[in-house]
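Residue strings, one per chain:
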Amino acid sequence: MNQPLQFIPYSETSGKLHMDLDNSLLDRHSRNPQSPSILRFYRWTPAAISLGFHQKKYPEHWQAIAENHNLDIVHRPSGGRAVLHKGDLTYAVITSIDINGKKRSHREIYEYICGFLIQGFAQLGVPLTYGLAGRGYIHNPSCFSTATNADLVISDGRKLIGSAQVYRHNSVLQHGSIAITPDFELLKELFVSEVPIVGCQELMQGDRQYCLQKLIDVLSQSARQYFRA
């Protein structure tokens, strides 16, 4: 990959506008894969449930929950299952599928992009590894209910980051949710079970705003180093 990295300023807006922007940035990059890779961080306002591109249906009770909690329901351009975007930080990376001049598998690209996250959290004293669950997760409507081998978990197996991808020509968009202060009650109401995730606030022992800014600063610097910007 080894391309210049363009940072898009942090923003907070609706899920639809965020997904429209991610899709537009991917479309632009796909027309010129030699253009700089892109990194941006954002939060969803209002909070939202995002659905994977192929997730055409969702439980009927979600609509009433969304109305009661002022949640948007938005489709992502990427795959994967449903994610609750409340008390989290989303990252998005758009880049060429070539790594050091060679085309790689989707799995290799996942691991390559996740490298800057693993490196950044290591600097924060939080070692991350990949989850172990297989493809059975596709029968679960919740992305966060099961840690797949494309997700990043802490030492006790709880998920911290869930990511998804979409490919267009020779470009890829990978975006993911980094939990900061998960709303466990709302997660249980939505997914009707305990959701084994962990938030950065628990791991970093600071208030939400401190954790948010610290994550953006550390992960931005990690990306500069990792992608050799």
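Placed above this text is the structure.
What you see is a predicted model, and the numbers here were worked out from it, not measured in a lab. (Residues numbered from 1 in each chain as written. Predicted model: local features only at pLDDT ≥ 70, side-chain atom pairs only at ≥ 80, totals over all residues. Heavy atoms only, no water.)

Novice: Can you explain the overall build of the protein? Please cite residues and give values.
Specialist: What the protein contains, in helices and strands, is six helices and 12 strands. The principal-axis extents of the C-alpha atoms in the protein amount to approximately 45 × 35 × 35 Å. Sorting the 229 residues of the protein into buried and exposed places 52% on the buried side. With an accessible surface of roughly 10600 Å², the protein has 50% of that area assigned to carbon and sulfur atoms. Here the protein carries 23 positive and 20 negative side-chain charges, and the mean point of each set is 8 Å from the other. (Helix = DSSP H or I, 4+ residues; strand = E, 2+ residues; numbered from the N terminus. Buried < 20%, exposed > 50% of the residue type's maximum accessible area, 1.4 Å probe, protein only. Areas by Shrake-Rupley, 256 points an atom, 1.4 Å probe, with all protein chains shown as cover. Lys, Arg positive; Asp, Glu negative; His and termini not counted. Charge placed at Lys NZ, Arg CZ, Asp CG, Glu CD.)

Novice: Lay out the sheet that holds strand β12 (residues 171-179) with the relevant residues and their values.
Specialist: Taken in spatial order, the seven strands make up an open sheet running β1-β2-β6-β12-β11-β10-β9, and their pairing is mixed. Here the strands that pair on one side only, and so sit at the sheet edges, are β1 (5-13) and β9 (129-130). Bridge count for strand β11 (residues 159-168) against β12 is eight bridges, and the pairing is antiparallel. Across the sheet, residue Ile161 finds its bridge partner in β12, namely Ile178. Seen against the sheet, helix α1 (residues 15-31) touches β1, β2 (37-44), β6 (88-96), β11 and β12 and runs at an angle of roughly 175 degrees to β2. (Pairing = 2+ DSSP bridges. Contact = heavy atoms within 4.5 Å. Axes fitted to C-alpha atoms, helices over the stretch in contact; angles between N-to-C directions.)

Novice: Please give an account of the sheet that holds strand β4 (residues 72-75) that cites residues and values.
Specialist: Overall, mixed pairing links the three strands, which are arranged β4-β3-β5 in an open sheet. Of all strands in the sheet, those bounded by a partner on one side alone are β4 and β5 (83-85). On average, each strand axis in the sheet is tilted by 25 degrees relative to the strand beside it, whichever way the strands run. Here strand β3 (residues 48-51) runs beside β5; their pairing, made up of three bridges, is antiparallel. Pairing of Ile49 across the sheet is with Leu84, part of β5.

Novice: Lay out the pairing of β4 with the relevant residues and their values.
Specialist: Where β3 and β4 come together, four bridges link them in parallel fashion. The residue bridging Ile49 from the neighbouring strand is Ile73, located in β4. Assessed by its sense of winding, the connection that carries the chain from β3 through helix α2 (residues 61-68) to β4 is right-handed. (Right-handed = clockwise from strand over helix to strand, strands pointing away.)

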